[in-house]
Amino acid sequence: MQTRVAQALGEIDQASGSLIAPIHVSTTYLRDADNQYRSGRIYSRADNPSYLPAERVIASLENAIDAKLFASGNAAATTVFQALKPGDRMLAPKVMYWALRNWLKTFGADMGLQVRWVDMDDLAQVRSALAEAPTRLVWIETPGNPLWTVTDIAKVSDLAHQHGALVAVDSTVATPVLSRPLELGADIVMHSATKYLNGHSDVIAGALASRENSEFWQRIVRLRAQSGNVLGPFEASQLLRGMRTLVLRVKQSCEAAQWIAEQLEQLPSVAAVLYPGLPSFAGHEIAKQQMQGGFGGMLSVRISAGEAAAIGTAARTQIWKRATSLGGVESLIEHRASIEGEGTPVPADLLRLSVGIEDPQELFEDLRQAIEAASA
Ligand SMILES: *Cc1c(COP(=O)(O)O)cnc(C)c1O
C-alpha cells in the first residue's frame, strides 16, 4: 500500500509523459462530427479526467471496484442517504459525526427517511432493531466521533445482510491504512477526504467507494452527476498530492496518539482517556481485530475538574491549536459539547484531540502543562 499510494499507482500521463497528473479545467468536451461523444465525456459536472487518478488511488486503497470524489465528506454521505427513497428505513449510530446526525434529523426526516438510532457497538440491539422492520441501510462510523466507539464491521455487516440491508461505513477516522471496511463485508465506504486522505487542512473533499457495481452504486453515481456534488479539478489534484504521504502521516499520528493516550492516563487531573488503542477502552478487542498497524490519531480526554477546566485547558495550549476538524499534520484540540449543543452525547468535560505529526514529547508536555494549570 505504501508504494502504491506514494506513487499514486505509478500512473504516467500518456499525452505528456508527466509523472504528476495534469489538471483539466475544461467544463466541456468536443462532440464528434456525427454527434457522438466517443471520448465518453460530455460535460465536467459528470466527468472530468482530473478526478480519475485520485479516485483510482482511493479504490485501490479500499479494494473497491470503483470510487467517486465528492465536493465534501458531507456531500458524499448525504448522497448515500439521498439514494434511498422516502419511507426507507435505516439504522444509524447514536454516536456519530454530529453534522451528519443533524442532517438525518432534519433533511433526512423531511425526505421521509425512517432513522432508527442504535448503539451500533451493541450487537443484540442491532439484531433486534433489524428484526423490527425491513431496513434498507445500516450506517456505521468507526471509530465514532468523538467517543471513538468501535463497531464490529464484520458482525454488523453480516447481520444487516441477513436482513437484506446494505452497509455503509464512515471510515474517515480509521483511514484505509488501518481498516478496509469493504474487505470486512461492508458495501460502501465513505471518507471525509478533508481529513486524513488530504491531511493538510487545505482541501474540502469527500469520497465514496463501492465493493460491487450494484444498482445502488449506479444510483449514487447518477445522483452525483445530476446534483453536481463534484469536486473541482484543482482540489482533486491537491488531494492526490496529499494522499501520497497518507501512510507515513497515519503511522506517525497513530504512534504519537498511542503514546500520548498512555501518558494522559497517568495524570491525576485526567478522569478518562478515550482511545481504541488503550486496553482499558471498551472497544479495544474489536479494534485490534479490524484495525491493523495502529488505532488512529484521534482521542478524547475527560478533565476531572469539569467543563470549565476543559475549556481552560484548550485556552492554555500553545502547540495544539484550538480549532475544529481533524486528520491534518498539525494537532488540534476542541471542546466538542459547546459546538454540538443540545442533544449531544458528548460529556461537557471532554476535549477532542487530533494528533498531528509534530514531536510527540512536545505535544504531551504542552497538554500536560495546560491541563495542570487549568485544573489548579
Ligand atoms: C469531517 C467529517 C465528516 C464531514 O466531512 P466534510 O468534508 O467536513 O464535509 C464526516 N464524517 C467524519 C467522521 C468527519 O470527521
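Residues numbered from 1 in each chain as written. Predicted model: local features only at pLDDT ≥ 70, side-chain atom pairs only at ≥ 80, totals over all residues. Heavy atoms only, no water.

Draft legend 1. Structural detail: helix α2 (residues 52–62). Counting buried positions along α2 gives eight out of eleven residues, so the element sits mostly inside the fold. The positive-phi residue at the C-terminal boundary of α2 is Asn63, with phi of around 55°. (Buried < 20%, exposed > 50% of the residue type's maximum accessible area, 1.4 Å probe, protein only. Helix = DSSP H or I, 4+ residues; strand = E, 2+ residues; numbered from the N terminus.)

Draft legend 2. Here's a closer look at the nonpolar core. If you look at the biggest cluster of nonpolar residues, it comprises 88 residues, and the most contacted ones within it are Leu69, Val138, Met243, Leu264 and Leu299. With nine residues, helix α10 (residues 246–265) is the largest single contributor of residues to this core. One finds Ala76, Leu84, Trp139 and Met190 within the second-largest nonpolar core, a separate group that totals 26 residues. (Core = buried A, V, L, I, M, F, W, Y, C linked by side-chain atoms within 4.5 Å.)

Draft legend 3. Geometry of empty space enclosed by the protein. Within this structure, the stated rule accounts for three cavities of 30 Å³ or more. The computed volume of the largest cavity comes to approximately 40 Å³. Ala21, Pro22, Ser50, Ala54, Ala236, Ser237 and Leu240 together form the lining of the largest cavity. Looking at the lining of the largest cavity element by element, the count peaks at three residues for helix α9 (residues 233–243). (1 Å grid on protein atoms, 1.4 Å probe; cavity = no way out; pocket = protein on both sides within 12 Å on 5 of 7 lines; lining within 4 Å. Points joined across faces, edges and corners; volume = space filled by probe spheres on them.)

Draft legend 4. Summary view of the UniProt feature "modified residue: N6-(pyridoxal phosphate)lysine" (unreviewed entry) in the chain. The UniProt record marks Lys195 with the feature "modified residue: N6-(pyridoxal phosphate)lysine" (unreviewed entry), using the residue numbering of this structure. With a relative accessible area of 9%, Lys195 lands in the buried category. Apart from the residues within four sequence positions on either side, Lys195 is in contact with Tyr97, Thr172, Ser325, Leu326 and Gly327. (UniProt positions renumbered as here; feature names shortened; annotations may be inferred. Contact = heavy atoms within 4.5 Å.)

Draft legend 5. Local environment of the site of the ligand. Not every one of the 15 residues close to the ligand is listed here, only the nearest: Asn74, Asp170, Ser192, Thr194 and Lys195. In this structure, Gly73 approaches the ligand through a main-chain N or O atom, which is 2.8 Å from an oxygen atom. For the ligand, whose unbound accessible area comes to 380 Å², protein coverage reaches 94%. Judged by the fraction of its atoms near the pocket grid, the ligand is located in the second largest pocket. Looking at the shell around the ligand, the elements with two or more residues in it are α3 (73–82) and β6 (188–192). Grouping the constituent residues of the shell around the ligand by class yields five nonpolar, seven polar and three charged. (Near = heavy atom within 4 Å. Polar contact = N/O pair within 3.5 Å; in protein donor to acceptor, adjacent residues only side chain to side chain. Areas by Shrake-Rupley, 256 points an atom, 1.4 Å probe, with all protein chains shown as cover. Sits in = over half its atoms within 2 Å of the grid points. Nonpolar A, V, L, I, M, F, W, Y, C, P; charged D, E, K, R; others polar.)

Draft legend 6. Representation of unusual backbone geometry within the structure. Omega for the peptide link from Thr142 to Pro143 comes to -15°, which places this bond in the cis form. Mapped onto the fold, Pro143 is located in the loop between β4 (137–141) and α6 (153–162). Cis geometry marks the peptide bond from Asn145 to Pro146, where omega comes out at -15°. Summarising the element assignment, Pro146 is placed in the loop between β4 and α6.

Draft legend 7. Seen up close, the sheet that holds strand β3 (residues 114–118). The strand order across the open sheet formed by seven strands is β1-β7-β6-β5-β4-β2-β3, and the pairing between neighbours is mixed. A single partner strand is all that each edge strand has here, and the edge strands are β1 (66–70) and β3. For this sheet the average axis-to-axis angle between neighbouring strands, irrespective of direction, equals 20°. Bridge count between β6 and strand β7 (residues 206–210): five bridges; the pairing is antiparallel. From the neighbouring strand, Met190 faces β7, where its bridge partner is Leu208. Across the face of the sheet, helix α4 (residues 98–110) comes into contact with β2 (89–93), β3, β4 and β5 (166–170) while running at roughly 140° to β3. (Pairing = 2+ DSSP bridges. Axes fitted to C-alpha atoms, helices over the stretch in contact; angles between N-to-C directions.)

Draft legend 8. Examining the domain arrangement of the chain more closely. Once the domains are mapped, the chain shows domain 1 (1–241) and domain 2 (246–375). For domain 1 versus domain 2, the separation of C-alpha centres amounts to 26 Å. Summed over both partners, the interface of domain 1 with domain 2 comes to about 3100 Å²; 64% of that surface belongs to carbon and sulfur atoms. Considering only the surface of domain 1 that becomes buried against domain 2, Trp148, Leu178 and Tyr196 emerge as the three largest contributors, covering 25% of it. For the pair domain 1 and domain 2, the number of links is one salt bridge. The residue Glu340 makes a salt bridge to Arg101 at a minimum N-O spacing of 3.6 Å. Between domain 1 and domain 2 we count twelve residue pairs in polar contact (both at pLDDT 80 or more) in total. (Domains from an automatic or database assignment. Buried area = accessible area lost by both parts, 1.4 Å probe. Salt bridge = Lys/Arg side-chain N within 4 Å of Asp/Glu carboxyl O.)

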